[in-house]
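Each chain is listed here by its residues.
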Amino acid sequence: MLEITAAKFVYNDLGKTTVTVFYKNDEYGISLSSAFISAFKELGGKILEVVSYPPYATDFRDQLIKIKSKKPEVIFFPGN
């Protein structure tokens, strides 16, 4: 699963321990973000915030302001 590989890459290879997850609120986005969150926490990482956006959204300002305020080292953005 790519999201588990991504969690390992962020934690082990990049050495980053704080992440915000920003995902599309649909079945695909929920599935990918949930798997990443579980894997990242198991490695010892900390999820600062989990932020979603509705399908077909085009303006992400509010979400990005919220994410920026938490100052994550990485934003995990599973999407297509």
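Below is a short write-up of the structure. What you see is a predicted model; the values in this text were computed from it and never measured.

## So, the pattern of salt bridges
In total, this model carries four salt bridges according to the counting rule given. As a salt-bridge pair, Lys 70 and Glu 49 come within 3.5 Å of each other at their nearest N and O atoms. With Lys 70 in helix H3 (residues 61-70) and Glu 49 in strand E2 (residues 46-53), this pair connects stretches of sequence that are 21 residues apart. By relative accessible area, which is 41% here, Lys 70 ends up partly exposed. Measuring nitrogen to oxygen at the nearest pair gives 3.2 Å for the salt bridge that ties Asp 59 to Arg 61. Overall, Asp 59 belongs to the partly exposed group, its relative accessible area being 43%. The exposed category is assigned to Arg 61, whose relative accessible area is 58%.

Rules used in this analysis
- For every chain, the first residue of the written sequence is number 1, and numbering continues from 1 onward in sequence order.
- Given that the model is predicted, a residue must reach a pLDDT of at least 70 before its local features are reported, and side-chain atom pairs must reach 80 or more before they are shown or counted; all residues, however, enter totals for whole chains, interfaces and linings.
- The basis for every side-chain value is the complete set of non-hydrogen atoms in the structure, without hydrogens or water.
- By definition here, a salt bridge exists when the distance from a side-chain nitrogen of Lys or Arg to a carboxyl oxygen of Asp or Glu is within 4 Å.
- Here a strand is any run of E in DSSP of at least two residues, a helix any run of H or I of at least four, and the numbering for each starts at the N terminus.
- Exposure is judged per residue with a 1.4 Å probe applied to protein chains only, and the accessible area is read against the type maximum: over 50% gives exposed, under 20% gives buried, and values in between give partly exposed.

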